[in-house]
Amino acid sequence: MIGEGPAGCPVEAGFDPLAPEFLAEPMATLAALPPECRPLFYAPELGHVVVTGHAEIDWVLRHPELFSAANVQLPLVPIVPAAREILQAGGHRPQPSMVSLDPPAHGRLRRPAARAFTPRRVAGMTGTIRQTAAELLDAVGAEDRVELVAALAHPLPASVIFALLGLPRDDWPQLKRWCGARAELTWGRPRPEVQIDIATNMAAYRGYLGALVEARAGERADDLTGDLLAIHAEDPDQLTLAEITSILFSLTFAGHETTTGLIGNAVRRLLERPERWVAVAADAALVEPAVDETLRYDTSVPAWRRVTTTATTVAGVELAEGTPLLLWIAASNRDPAVFATPDSFDLHRADGHRALSFGRGAHFCLGAALGRLEARIALEELVRRRPGLRLVPGREVRFAANISFRGPLELWVEGA
C-alpha cells in the first residue's frame, strides 16, 4: 500500500487507523497531528489521502460527480482465495450496491429501499422498539452486572431491522449469528482464517436471503421485502430479485451495526462522567441531546471512503483522477472552525446538528431517523430502570479492528 502521495500534500507516515492505539483512542491521534496535516494529509500505510476538515468532507460528499463512492466496499486488503471461493459459491459476488453507486444509478436502488424509512413507517415502529427494549432489559432482570452490548445494544436494532424487512422471527437468532463481524472483511485486515470464518457466515446469510426473496415473490406483506417485490412484479427489469437480495443484505448490516455502536457509545460517554448519567436520569428531555452529542463526539461511523473521478483540488492540493480518499468524519466532528469547544461532551450544545455523522447529499443515511429513535428509546428505558448505573471499574473497552464502524465490543455496567 505504501506509495507516494500527491505533490504538495503533507505526509503522515505513522498514521494507521487499524493500529491498537488508534482503535483505543483515535482522537489522541487527531490531537497529535502536526498543524500542516489539517485539513488533509497522505497516509502511506493506507495509500489514501485522509481528509479531516468539516468543510472539505462536506464538499466531497455533496459532489459525487467529482468524488465517487465506488471504493466504499472495496477490501482494504486482498481477500484470500479460500474465502473468495466461499463467497462466490454462496452467491455473494462483487456488485454495486446503494452505498457504492453514484447518481443517477444510485437513486434506482435507493428509492425503493427508502420505503422502509418513511416517517409513517418509522413512527409506526416506536411501540415495537420500546417493547423490544423492555423485553431485553426484563431478561437481565435485577442482575447487578450486565454486559450491555449483548443484552441490549446489539439485539435491539438487529431485531427492529429484521422486523422492518419482514424476516421470520424464528430465524432471528441465526440471522444475528450470521451477521457477526462482517465489517472486518471489507474495512479491516483480518487474518486468513478469520476471513474464511466471516466469508462462511456471509455466504450462508446471502443464501438465506436469496431463498427468502424467491419464496416470497408472490406474496404482498406490509414490510420492506413486500414493497420491493411489488416493484419487481410491476417491472422485473426495474428491480431484479438479485438486487432485492442485495438491498436486504446491505440494510440488515447497516441497519443494526451503526445503531449498536451508537447505543454503546452513548452509554459509555454518559457513564464515564457519572454526573452526565445523573443529569439524564433526572431530566428525560436530555436523552435526545445525549444521542445527538454522541453522534458528534463519538460517532459510530468514524470514516468513509471516496475516490476522485477526475483531476480535482481539495484544500489547495491537486488530486489526480483515481485518488482514494479516507474521509475522517470523526475528525470533522471535532473541527474547531465549526464546533465550539469541540473536545467537550456537551449535553446543551447548540451546534451539534452540523455533525457529518449521517453523511451529506445523495448518500445521506436512509436510517438516520430510525437509528436516532432506537438509541433514544434504549436510553430512556435504561435510565428509567437503572438511574444509578455505572461502569464496572477496571474493564478495558475494546473496539473492532476496522476503519468505518466504531462501538464497544463489550460494555460492562453495574448498579441500579
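Above this note sits the structure.
Residues numbered from 1 in each chain as written. Predicted model: local features only at pLDDT ≥ 70, side-chain atom pairs only at ≥ 80, totals over all residues. Heavy atoms only, no water.

**Some thoughts on helix H14 (residues 241-271)**
Residues spaced three or four apart along an α-helix face the same direction, because each turn holds 3.6 residues.
Then step 1. The terminal C-alpha atoms of H14, which comprises 31 residues, lie 45 Å apart, in line with the 45 Å expected from a rise of 1.5 Å per residue.
Then step 2. Within H14, 28 of the 31 residues are buried, leaving the element largely enclosed by the surrounding structure. (Helix = DSSP H or I, 4+ residues; strand = E, 2+ residues; numbered from the N terminus. Expected span 1.5 Å × (residues − 1). Buried < 20%, exposed > 50% of the residue type's maximum accessible area, 1.4 Å probe, protein only.)

**Description of the environment of Pro17**
Then step 1. Its location among the elements puts Pro17 in the segment before helix H1 (20-24).
Then step 2. Spatially, the C-alpha atoms of Pro17 and Glu45 are 9.4 Å apart, while their sequence positions differ by 28 residues.
Then step 3. Residues contacting Pro17, with those up to four places away along its chain left out, are Phe22, Leu23, Leu46 and Ile403. (Contact = heavy atoms within 4.5 Å.)

**Examining the pattern of salt bridges**
Then step 1. Counted according to the given criterion, the structure contains 26 salt bridges.
Then step 2. The closest approach of N and O atoms between Asp343 and Arg334, which form a salt bridge, is 2.9 Å.
Then step 3. Residue Glu381 pairs with Arg384 through a salt bridge whose shortest N-O separation is 2.8 Å. Taken together, the residues span about one helical turn, with Glu381 and Arg384 both in helix H18 (residues 368-385) at a distance of three residues.
Then step 4. On the basis of relative accessible area, Glu381 is assigned to the buried category, the value being 5%.
Then step 5. Within this structure, Arg130, Asp138, Arg376, Glu380, Glu381, Arg384 and Arg385 form a network of salt bridges that share partners. (Salt bridge = Lys/Arg side-chain N within 4 Å of Asp/Glu carboxyl O.)

**A closer look at helix H13 (residues 224-234)**
Then step 1. Within H13, nine of the eleven residues are buried, which leaves the element mostly enclosed by the surrounding structure.
Then step 2. Among the residues of H13, Leu224, Thr225, Gly226, Asp227, Leu228, Leu229, Ala230, Ile231 and His232 are the ones counted as buried.
Then step 3. One side-chain oxygen of the residue at the start of H13 lies 3.2 Å from the amide nitrogen of Thr225, identifying that residue as Asp223. (Polar contact = N/O pair within 3.5 Å; in protein donor to acceptor, adjacent residues only side chain to side chain.)

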